[in-house]
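# Fold and contact review
These are the residues of each chain, in order.
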Amino acid sequence: MAKGIAVSKKRVAILISGRGSNMEALIAAAAQESYPAQIALVLSNRPGAPGLRRAAAAGIATEIVDPTLYGNDRERFERALQTKLEAYRIDLVCLAGFMRLLSPSFVGQWHGRMLNIHPALLPAFKGLDTHARALAAGVKIHGATVHMVVPEVDCGPILAQAAVAVREGDTADTLAARVLEAEHRIYPAALKFLAEGRVRVVDGRCRIDGRADADGLLFVPNI
Ligand code: GAR
């Protein structure tokens, strides 16, 4: 790349419903000049989401699309969502604690361009209350997954995973905190690869530049 020619960064929208700690991790990563994406928008379905204030404090544009204003009609809600994403010329979407189910047609519009982070090692513990369920199951390893979004909830090609140890005496809260730290590492790493255009899906599995391994996308701490 010749000096002086700006490389165009992918424009990312982060969709949140709550506190937005993953959002903050993405914003921090994207603040680095060499990062291939910029956070162009943080959008919440909940007007009171604390993450909105955090995003605004970081100088990021925020929007609210409140489903109650659309009579909880999913089609109208998603049309409003799509209109916002188009208005901000969004290339990629990151779901970060966005607690709304999205229809197959909305997901289809973002095929290959929308990521989600889930607080478990998928395909184990899809759905809610993952930490309590992991403890109840007695697993020794738990973690988090970043995956491409497909119509089936908590499915889709896996892009990055982080493992954490389950410790004696863990509660759902202590385990959640350990997993959350790992989430903050894998989400920026996964988005980077996607924004660089290096992710391909082959037979339902993510491949990075044709490599079979998961360099940079698998975090396993000392256990
Ligand atoms: C995160 O743990 C994320 O993995 C989870 O919600 C939390 C949001 O925290 N997402 C889901 O459970 C989606 N199924 P954050 O608002 O601090 O990023």
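Reference entry: report on the structure contained in this document. All values derive from a computational prediction rather than experimental measurement.

## Quick look at the overall build of the protein chain
Along its length, the protein chain carries 6 helices and 10 strands. For the protein chain, the C-alpha radius of gyration of 17 Å lies close to 17 Å, the compact-globule estimate for 223 residues. Along the three orthogonal principal directions, the C-alpha set of the protein chain runs to about 50 × 50 × 35 Å. Buried positions account for 47% of the 223 residues belonging to the protein chain. Look at the contacts in the protein chain between residues 6 or more apart in sequence, and 62% of them connect residues 24 or more apart. Split by element, the accessible area of the protein chain, about 11300 Å² in all, is 52% carbon and sulfur. Taking the 27 positively charged and 22 negatively charged side chains of the protein chain as two groups, their mean positions are separated by 3 Å.

## Comments concerning helix α6 (residues 172-195)
The terminal C-alpha atoms of α6 lie 33 Å apart, and with 24 residues this matches the ideal 34 Å at 1.5 Å per residue to within 8%. Of the residues trailing α6, Gly197 is marked for its positive phi of about 75°.

## Quick word on the sheet that holds strand β7 (residues 158-165)
Taken in spatial order, the 8 strands make up an open sheet running β3-β2-β1-β4-β5-β6-β7-β10, and their pairing is mixed. Strands at the two margins of the open sheet, each flanked by one partner only, are β3 (62-64) and β10 (218-219). With respect to the sheet, helix α1 (residues 21-30) is in contact with β1 (10-16), β2 (37-44), β4 (92-95) and β5 (114-118), its orientation differing from that of β2 by roughly 155°. The sheet contacts of helix α3 (residues 74-87) involve β1, β2, β3 and β4, and relative to β2 the element is tilted by about 150°.

## A word on the nonpolar core
Ranked by internal contacts, the top residues of the largest apolar core, which has 48 residues, are Ile14, Ile39, Val42 and Leu191. The dominant element in this core, judged by the number of residues it contributes, is α6, at 11 residues. Not counting residues within four places of it along the chain, the set of residues in contact with Val42 comprises Ile14, Ile16, Met23, Leu52, Ala55, Ile60, Ala61, Thr62 and Glu63. Grouped together as the second largest cluster of nonpolar side chains are 20 residues, Ala13, Ala80, Ile90 and Trp110 included.

## Considering the pairing of β5
In terms of burial, β5 is a largely internal element, 5 of the 5 residues being buried. Residue alternation in β5 divides its side chains into two sets, Met114, Asn116 and His118 and Leu115 and Ile117, and both sets are buried. For the segment spanning β4, helix α4 (residues 104-109) and β5, crossover handedness is right-handed.

## Here's the deal with unusual backbone geometry
Note the cis peptide between Leu122 and Pro123, where omega equals 10°. Although it is not a glycine, Arg89 adopts a positive phi angle of roughly 50°. The topology assignment puts Arg89 in the loop between α3 and β4. Assessed through its relative accessible area of 56%, Arg89 is described here as exposed.

## Digging into the site of the ligand
Arg19, Gly20, Ser21, Asn22, Gly97, Met99, Ile117, His118, Pro119, Leu180 and Glu183 make up every residue found near the ligand. A distance of 2.8 Å is found between an oxygen atom of the ligand and a backbone nitrogen or oxygen belonging to Gly20. Coverage of the ligand by the protein amounts to 86% of the 450 Å² it exposes when considered alone. When residues of the shell around the ligand are traced back to their parent elements, those giving at least two are α1, β5 and α6. Looking at side-chain class alone, the shell around the ligand contains 4 nonpolar, 5 polar and 2 charged residues.

## Examining the side chain of Asn45
Mapping Asn45 onto the fold places it in the loop between β2 and α2 (50-57). A polar atom in the side chain of Asn45 sits 2.7 Å from the side chain of Ser17. Beyond its immediate stretch of four places on either side in the chain, Asn45 contacts Ile16, Ser17, Val65, Asp66, Pro67, Phe77, Phe98 and Arg100.

## Quick notes on the side chain of Ser21
Here Ser21 shows up in helix α1. A polar contact of 2.8 Å, which involves the side chain of Ser21, links it to the side chain of His184. For Ser21, the residues in contact, after removing those within four places along its chain, are Arg54, Leu180 and His184.

Rules behind the numbers
Residues numbered from 1 in each chain as written. Predicted model: local features only at pLDDT ≥ 70, side-chain atom pairs only at ≥ 80, totals over all residues. Heavy atoms only, no water. Helix = DSSP H or I, 4+ residues; strand = E, 2+ residues; numbered from the N terminus. Rg over C-alpha atoms; globule rule 2.2 N^0.38 Å. Buried < 20%, exposed > 50% of the residue type's maximum accessible area, 1.4 Å probe, protein only. Contact = heavy atoms within 4.5 Å. Areas by Shrake-Rupley, 256 points an atom, 1.4 Å probe, with all protein chains shown as cover. Lys, Arg positive; Asp, Glu negative; His and termini not counted. Charge placed at Lys NZ, Arg CZ, Asp CG, Glu CD. Expected span 1.5 Å × (residues − 1). Pairing = 2+ DSSP bridges. Axes fitted to C-alpha atoms, helices over the stretch in contact; angles between N-to-C directions. Core = buried A, V, L, I, M, F, W, Y, C linked by side-chain atoms within 4.5 Å. Right-handed = clockwise from strand over helix to strand, strands pointing away. Near = heavy atom within 4 Å. Polar contact = N/O pair within 3.5 Å; in protein donor to acceptor, adjacent residues only side chain to side chain. Nonpolar A, V, L, I, M, F, W, Y, C, P; charged D, E, K, R; others polar.

Nothing here speaks to function; it is all geometry.
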